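# A closer look at the structure
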Amino acid sequence: MKSRILKTIVFSIIGLFLLASCKGNQNEKTSEVVPATEASDIEVIYFFGNLRCSSCVAMQKYAKEAIDSAFADQIKDGIINFKSVDITTPEGEKLADLFEVSSSSLYIVDNNPDKPEKVDMTAFGFRNARTNRQVYKQGIIDQINKFLD
């Protein structure tokens, strides 16, 4: 009986720690929300709320770095666009509802009128953005290149 109570307490504490670690960075605010009507051919969309962990911040930072360095010409030509969407704003909430997200998330969207497609890169981002930065950046570049082909 004591063992069961102790396990419950330990797992509750671990759960609270994990929840708090993804909500701990309150000082990071980011760029504007871009309405969905300004769609480029390919969009990299990072969704965020008021509170973000270090992995969440890294996902946004390194995704932007990856596309800025690898696709500068396509960004300039309006083919590729990076959006940071604050899901706590009315505009951001509408877009978050379309993607069915409620926390930090990363999507790459191909707005091809013949075959639109969106790829959820969130789990990949949480696994790699902080600890395997180059793998993370290359994964984003590879997915965009698939859409460009």
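A brief report on the enclosed structure follows. Computed from a predicted model, the values in this text were never measured in an experiment.

Below, the discussion takes up the environment of isoleucine 108. Examined against the element boundaries, isoleucine 108 turns out to sit in strand 3 (residues 105-110). Owing to a relative accessible area of 0%, isoleucine 108 belongs among the buried residues under this scheme. Once the C-alpha coordinates of isoleucine 108 and tyrosine 46 are considered, the two residues, 62 residues apart in sequence, prove to be 8.8 Å apart. With residues up to four places along the chain from it excluded, the contact list for isoleucine 108 reads Ile42, Glu43, Val44, Glu117, Lys118, Val119, Met121, Ile140, Gln143, Ile144 and Phe147.

A separate point is the packing of helix 2 (residues 54-70) against helix 6 (residues 133-148). Contact geometry of helix 2 with helix 6 gives a least axis separation of 9 Å together with a crossing angle of 55°. As far as their axial angle goes, helix 6 and helix 2 are oblique. As helix 2 runs across helix 6, the sense of the crossing is right-handed. When helix 2 is examined against helix 6, the residues Ala58, Met59, Tyr62, Ala63, Glu65, Ala66, Ile67 and Ala70 are found in contact with a partner set consisting of Arg133, Tyr136, Lys137, Ile140, Ile141 and Ile144. Here the residues of the contact of helix 2 with helix 6 are counted per class, giving eleven nonpolar, no polar and three charged.

Here we come to the sheet that holds strand 1 (residues 42-48). Here four strands make up an open sheet; going across it, the order is 2-1-3-4 and the pairing mixed. Strand pairing shows two members of the sheet lacking a second neighbour, strand 2 (80-86) and strand 4 (117-120), which therefore form its edges. Taken over all neighbouring pairs, the strand axes of this sheet differ in orientation by 20° on average, direction set aside. Relative to strand 3, strand 1 runs antiparallel, the two being bridged by six bridges.

Our focus in this paragraph is the pattern of salt bridges. One pass over the structure, following the stated rule, counts three salt bridges. Note that glutamate 43 is salt-bridged to lysine 83, the shortest N-O span being 2.5 Å. On the criterion of sequence distance, the pair formed by glutamate 43 in strand 1 and lysine 83 in strand 2 is long-range, its members being 40 residues apart. On the basis of relative accessible area, glutamate 43 is assigned to the buried category, the value being 5%. You can call lysine 83 buried: its relative accessible area is 1%. For the salt bridge of lysine 137 with glutamate 65, the shortest nitrogen-to-oxygen distance reads 2.7 Å.

So, how was this worked out
- Residues numbered from 1 in each chain as written.
- Predicted model: local features only at pLDDT ≥ 70, side-chain atom pairs only at ≥ 80, totals over all residues.
- Heavy atoms only, no water.
- Helix = DSSP H or I, 4+ residues; strand = E, 2+ residues; numbered from the N terminus.
- Buried < 20%, exposed > 50% of the residue type's maximum accessible area, 1.4 Å probe, protein only.
- Contact = heavy atoms within 4.5 Å.
- Axes fitted to C-alpha atoms, helices over the stretch in contact; angles between N-to-C directions.
- Parallel < 35°, antiparallel > 145°, perpendicular 65-115°, else oblique.
- Left-handed = near helix turned anticlockwise from the far one by under 90°.
- Nonpolar A, V, L, I, M, F, W, Y, C, P; charged D, E, K, R; others polar.
- Pairing = 2+ DSSP bridges.
- Salt bridge = Lys/Arg side-chain N within 4 Å of Asp/Glu carboxyl O.

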